[in-house]
Every structure is written in structure tokens, then in C-alpha cells.
Amino acid sequence: MKLFNQGTPVTSAVSFAGLIEKIEILRSTLRWASRLERPEIEKLLKQATALRDEVMGLSHKERFVAAASTEPEAMPVVEPVELSARERRQALMERSFIFEGTFGDNPKLLEALEIAEKAAPTDLPVLIDGESGTGKELMAKVIHANGSRTDKPFISVNCGAIPDSLLESELFGHKKGAFTGAANDRRGKFEAAHTGTIFLDEIGELPLAGQVKLLRVLEAHEIQRVGSDEVIAVDTRIVAATNKDLRRMSQAGTFREDLFYRLSVIHVTLPALRERRDEIALLVAYFGDESAGQLKRRPVKLTPRLRDFLMHYDYPGNIRELRNMMYRISCLAGDTADLAHLPQDIRPKPAALSVVGAGKAGVADVTTATSLAEAKRAASDEAERAFLERGLQEVGGTVAELARRFDMNRSHVQMLLKKHGIRSKDFRGNRQAEGGK
Ligand SMILES: Nc1ncnc2c1ncn2[C@@H]1O[C@H](COP(=O)(O)OP(=O)(O)O)[C@@H](O)[C@H]1O
Ligand SMILES: [Mg+2]
């Protein structure tokens, strides 16, 4: 965390001492708070202690200035650490990080979570970018949940879903009679989010007029309702999200450059699901269980060719698409789901099946077998595959460990993995991975 406020360096020794004093007051208040739950107190205490230690470490005026003048792009928010994915997630958990259901151990995702952890206790604006369905809104909630505003409102506004003519009134409110249809005074989302966090989704859709007003909120922390002269102070933490390239838009003149820099003090990019394929197996299992729970059914089994499809599909809609697909499959399939349960528009054509099921063309599954012998063989294959995948999941992708655990010959295990086209490295770093749920 950097101790500067909207770019103003903390320069005098007085404010430095004052800062420490404030932290001490916070710490003793917390220690004696009676209405907070103990774990909450511990967490806040830990944060405050960390804050104090950081302030102590930054005793040089020069260092404050250096910290404040660092370009947002070059901000060293993540230390290069040589920890495994599991250790990094474990470390976050030990620091009482709240995951809000964010699942996965991909290094890029963990990096985003670690940035979120550091940004959360500050009031710095955060810009999250990534394709649709990569978890931007979820990440905004994670930032809110891990900061001091957690019990204050989290207000989400989709700037792309509101007509231009209504957007300003939606964000800043309006005065009665400000325009046709403004029958009453109305407060906007910024006022609703006062003391909390406002999530501005699809910020790239905000028209230029709205951008000017937003800049003003960021600079002066105040708003004016449409049609009103009265200035209202708002204390709102801003988290914005976009699937557009705002830097390019600002070069093209469709997004204000000054606003872009203001919003992106902390910039988090969420990778597309096809760039973190190592997560897919884990997410399939996770959403398979989650949907089973919601639909009150046993978790659905997947035929090998459906599993192959899910592992290699491109997911233009990212995690949202995968999640919806698992719910669909869990709803439509009986005990075992197959390609037929996929949405029609993405279902592979029969001719393409042999490509999808690479190397296993012509192998029937239990539901399509034309003889009892074939059905038995298919069922046995499926059991073998499920067993291996579960095992790899449990040992974090280490074949030797898997062989040891089930008292099997290692080369036999290798052979079986090859037969099923399972890659042990897809399971690396997934060991005992747990969501924050
Ligand atoms: N890492 C993740 N773990 C679990 N669920 C996720 C993860 N990322 C996204 N999701 C889920 O995927 C869906 C889409 O996420 P969302 O945050 O709305 O994406 P975006 O805002 O980028 O379009 C939501 O249901 C969300 O809970
Ligand atoms: Mg979204």
C-alpha cells in the first residue's frame, strides 16, 4: 500500500507523526470495540499493525515523494515471490483475505488477487479490465469486502445499460423539474454509495459529458444533481471496469485521458479463460458441485468426450459461459452428461467428434453403446478416467505421488494417462485448492 492521497505526497514530519498517532488511536479503538466479532477485530488489528510498520519503514521524505510520483504502470504492487500457487493462496487465506467465491490458482489470477488485497484498504481508484465474464464484478466485490468499507453499500452501475440522456441523472441524481419526467428530487448512485464503494461497469460507454462530471467527483469528491446548483460532498470509493482498451480510446479522443489516469491508479487485468486453461478442470468440478447443490441433485458425471470438449473449448464468454454451461448440463442431463447436453450453437458436429475426442474416435460411451460388451468397456474407461483425474487433483498433478498413493506402477500410471489424453500438468498447483466460500 502506498501512503499518498490522490497524488499528494506526505512530506512533513508533522503529518508523518500525526499519521502514526491516528493509527495508534485506530488500534486501541479496535482493541476495545465491543460490537465487533473477534475475528473481525483480529483482522483489522493486523491491517492496522501492517500499516504502522509500513509507515515506520517509510521514514524518509524522499521515499514518500518517490512513492507518490511512481507512474501507475510501473507501480511495484507485486513483489516477485517464488511461492507455488497453493502457497500463495494459502498465504492469502492466512491473512484473512476474503475471496467472495473467487476460485482458481492460476498465477495471473493470484496476482490480481494480491493486487486487490493491497488496494482494498486504500481509497485509491481501481480499474479492472478483461473480457466479458472474466470476473471483473466479482473482483470489485473482493476489493470492497477486504477494505474498511465492507459493511457500507456496494453500488453497481452498468454505464452501458443506461441511455445517454439518463446517465447523469442516474449517477448524480436530479432536481425536481430538471427535465421532462423529473417529477421529484432524486438522489443518484453516487449519493447511494456514500461511505461505500461504487462499481462503474463498462466505464468505456460513459459519454464525454458524463466523463467530465466523473472527473470532478474524483478530484473534488463532490457532485451536483442535474438541474441543481447545490454541491453535495460524497465519500465514495470508485472501482471501474471495462472490456475496452481505454488507453487506445483516450488516444483516439473518445475517452478523456486525464480520467483514464485518474481511474487507473491501480490497474488490474483479468486474463481470458483460454489463457488460463489450467483452471478449467478445477472450475468444471467447482461449478458441477455448485450447480448440483443448487439443483438438489447428485453431481453430474461427464463422458470423456464432453470433458475433452470442455477442456479445449475457447470460451468467448469466459467463466460466466463455463458456469452457465455447467448449470445447463446439470439441469438437462441424467446421471451422465454428453455432448448432446451442450447448447446447440457450440455443439461439435458429428464429423468433428473424432477431432475433439483426439485419439479415441469410435469409442462409444455408456449411453451410445450398441452392445453390452461395449457399454461395459465404456463404463470401465470412464471410471478409470474419473479415478485418475480425481487422484491427480488430490496430489496436485504429481504422477509419482499418485502412483505411490494408490500403490501402482509409475509407468503403468503414465500409460493410462496417455491412453486417456490426460495431462498431469493441467492439475499442477491445484492441490487442495479451496475457494473462499
Ligand atoms: N475466479 C472465479 N471463480 C469463481 N467464479 C467466478 C470467477 N470469476 C468469475 N466467476 C463467476 O463468473 C460469472 C461472471 O463474473 P463477472 O464478475 O460478472 O464477470 P464480468 O464482470 O467480467 O463480466 C459470475 O457468476 C462470477 O461469480
Ligand atoms: Mg460484468
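Thresholds applied
- Residues numbered from 1 in each chain as written.
- Chains lettered and ligands numbered in written order.
- Predicted model: local features only at pLDDT ≥ 70, side-chain atom pairs only at ≥ 80, totals over all residues.
- Near = placed C-beta within 6 Å.
- Helix = DSSP H or I, 4+ residues; strand = E, 2+ residues; numbered from the N terminus.
- Nonpolar A, V, L, I, M, F, W, Y, C, P; charged D, E, K, R; others polar.
- Pairing = 2+ DSSP bridges.
- Axes fitted to C-alpha atoms, helices over the stretch in contact; angles between N-to-C directions.
- Core = buried A, V, L, I, M, F, W, Y, C linked by C-beta atoms within 7 Å.
- Buried ≥ 20, exposed ≤ 12 C-beta atoms within 10 Å, placed from the backbone.
- Contact = placed C-beta atoms within 7 Å.
- Expected span 1.5 Å × (residues − 1).
- Left-handed = near helix turned anticlockwise from the far one by under 90°.
- Parallel < 35°, antiparallel > 145°, perpendicular 65-115°, else oblique.

In this section: the site of ligand 1. Taken together, 15 residues sit near ligand 1, with Phe103, Gly135, Lys136, Glu137 and Arg320 positioned nearest. For the shell around ligand 1, the secondary structure elements donating two or more residues are helix H6 (136-145) and helix H14 (318-332). Grouping the amino acids of the shell around ligand 1 by side-chain chemistry returns three nonpolar, eight polar and four charged.

Pairing within the open sheet is parallel, and its five strands lie in the order S2-S3-S6-S1-S7. Each having just a single partner strand, strand S2 (154-158) and strand S7 (266-269) make up the two edges of the open sheet. Strand-to-strand twist of the sheet, defined as the mean angle between neighbouring strand axes without regard to direction, takes the value 20 degrees.

This part takes up the environment of proline 121. For proline 121, the location among the structural elements is in the loop between helix H5 (107-119) and strand S1 (126-129). Along the sequence, proline 121 and glutamine 47 sit 74 residues apart, while their C-alpha atoms lie 8.2 Å from each other.

Membership of the largest hydrophobic core comes to 48 residues, with the highest contact counts inside it found for Ala116, Val126, Ile128, Met139, Ile143 and Val268. Sort the elements by how many residues they give to this core and H5 lands first, with seven residues. Contact partners of isoleucine 128, with chain neighbours within four places excluded, come to Lys136, Met139, Ala140, Val239, Ala241, Val268 and Leu270. By size, the runner-up hydrophobic cluster in this structure holds 27 residues, among which are Phe287, Phe309, Ile329 and Leu392.

What follows deals with helix H16 (residues 372-395). For H16, built from 24 residues, the straight-helix expectation of 34 Å at 1.5 Å per residue is met to within 8% by its first-to-last C-alpha distance of 35 Å. Structurally, H16 contributes buried residues whose contacts are with helix H13 (304-312), helix H17 (399-405) and helix H18 (410-420). Glycine 396, located one to two residues past H16, shows a positive phi value of around 70 degrees.

Attention now goes to the packing of H5 against H6. Orientation of H5 relative to H6, taken along the N-to-C sense of each, is 35 degrees, at an axis distance of 8 Å. Handedness of the crossing formed by H5 with H6: right-handed. Here Ala112, Ala116 and Ala119 of H5 lie close against H6, whose contacting residues are Met139, Val142 and Ile143. Grouping the constituent residues of the contact of H5 with H6 by class yields six nonpolar, no polar and no charged.

Our next topic: the packing of helix H4 (residues 85-94) against H5. Orientation of H4 relative to H5, taken along the N-to-C sense of each, is 25 degrees, at an axis distance of 10 Å. Of the possible angle classes, the one that applies to H4 and H5 is roughly parallel. Taken as a pair, H4 and H5 cross one another with a handedness that is left-handed. Between H4, through Ala85, Arg88, Arg89 and Leu92, and H5, the contact on the second element is made entirely by Pro107, Leu110, Leu113 and Glu117. Among the residues forming the contact of H4 with H5, the class breakdown is five nonpolar, no polar and three charged.

The side chains of a regular strand alternate, first on one face of the sheet and then on the other. Burial within strand S6 (residues 237-242) is extensive, with six of its six residues counted as buried. As paired elements, strand S3 (residues 197-201) and S6 share four bridges and run parallel to each other. Residue pairing across strands places isoleucine 198 opposite isoleucine 238, the latter belonging to S6.

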